[in-house]
Amino acid sequence: MRSGSGRPHDDPAGDVVRWAAFSCLLVPVVLVVYGTSYGGAAVATLGLAAVTAACRVLLRHSEKAGRAAARVAAEEPLAHGHRGRHSRSGSGTHRGCHGPMGPSPHD
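Just so it is clear, the model here is predicted, and its values are computed rather than measured.

Criteria and thresholds
- Residues numbered from 1 in each chain as written.
- Predicted model: local features only at pLDDT ≥ 70, side-chain atom pairs only at ≥ 80, totals over all residues.
- Heavy atoms only, no water.
- Salt bridge = Lys/Arg side-chain N within 4 Å of Asp/Glu carboxyl O.
- Helix = DSSP H or I, 4+ residues; strand = E, 2+ residues; numbered from the N terminus.
- Buried < 20%, exposed > 50% of the residue type's maximum accessible area, 1.4 Å probe, protein only.
- Phe/Tyr/Trp six-rings, centres within 6.5 Å; stacked < 30°, edge-to-face > 60°.
- Patch = residues over 30% accessible without salt bridge, like charges linked within 9 Å, V, L, I, M, F, W, Y side chains within 5 Å.
- Areas by Shrake-Rupley, 256 points an atom, 1.4 Å probe, with all protein chains shown as cover.
- Axes fitted to C-alpha atoms, helices over the stretch in contact; angles between N-to-C directions.
- Parallel < 35°, antiparallel > 145°, perpendicular 65-115°, else oblique.
- Contact = heavy atoms within 4.5 Å.
- Nonpolar A, V, L, I, M, F, W, Y, C, P; charged D, E, K, R; others polar.

Draft legend 1. Examining the pattern of salt bridges more closely. Tallied over the full model, the rule gives two salt bridges. Salt-bridge contacts for Arg18 lead to Asp15; the nearest nitrogen and oxygen are separated by 2.7 Å. With Arg18 and Asp15 both in helix 1 (residues 12-33) and three residues apart, this pair spans about one turn of that helix. Judged by its relative accessible area of 32%, Asp15 is partly exposed.

Draft legend 2. Layout of the packing of aromatic side chains. Within this structure, the stated rule accounts for one aromatic pair. On the basis of an interplanar angle of 90° and a centroid distance of 5.8 Å, the ring pair of Trp19 and Phe22 is categorised as edge-to-face. Pair noted here: Trp19 and Phe22 are both in helix 1, with a separation of three residues, about one helical turn. Taking the relative accessible area as the measure of exposure, Trp19 reaches 60% and is therefore exposed.

Draft legend 3. Representation of a nonpolar patch on the surface in the model. Together, Trp19, Phe22, Leu26, Val29, Val30, Val33 and Tyr34 make up an exposed nonpolar region whose accessible area comes to about 800 Å². Relative to the helices and strands, Val30 resides in helix 1.

Draft legend 4. Expanded view of the packing of helix 1 against helix 2 (residues 38-75). The interhelical angle for the contact between helix 1 and helix 2, taken along N-to-C directions, is 175°, at an axis separation of 9 Å. When the axes of helix 1 and helix 2 are compared, the pair comes out roughly antiparallel. The residues of helix 2 that touch helix 1, namely those facing Ala13, Gly14, Val16, Val17, Ala20, Ala21, Ser23, Cys24, Val27, Pro28, Leu31 and Val32, are Tyr38, Ala41, Ala44, Thr45, Leu48, Ala49, Thr52, Arg56, Leu59, Arg60 and Glu63. Here the residues of the contact of helix 1 with helix 2 are counted per class, giving 16 nonpolar, four polar and three charged.

Shown next as structure tokens:
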């Protein structure tokens, strides 16, 4: 599904980055209005821009790794006869079960 501007709606990382960029522009204006020096506002802007850029890189890396993991999981079918982590297949003695000698002394 696409919005009127042509951007996909399923890009949460992009939304976060857009809001962070908006904040990078808004915060220095608010700081100057409330009496912070232009130099202080510029330093705050640079700091926010650096954090935003680092977060964008991490979010994109995480999305890429998630897509790769999903692709690998989709390509690898379960092994034939695999019933799950705790299932038991075949015959034989299992933990806590009776062996060929009969009941254990704890039974």
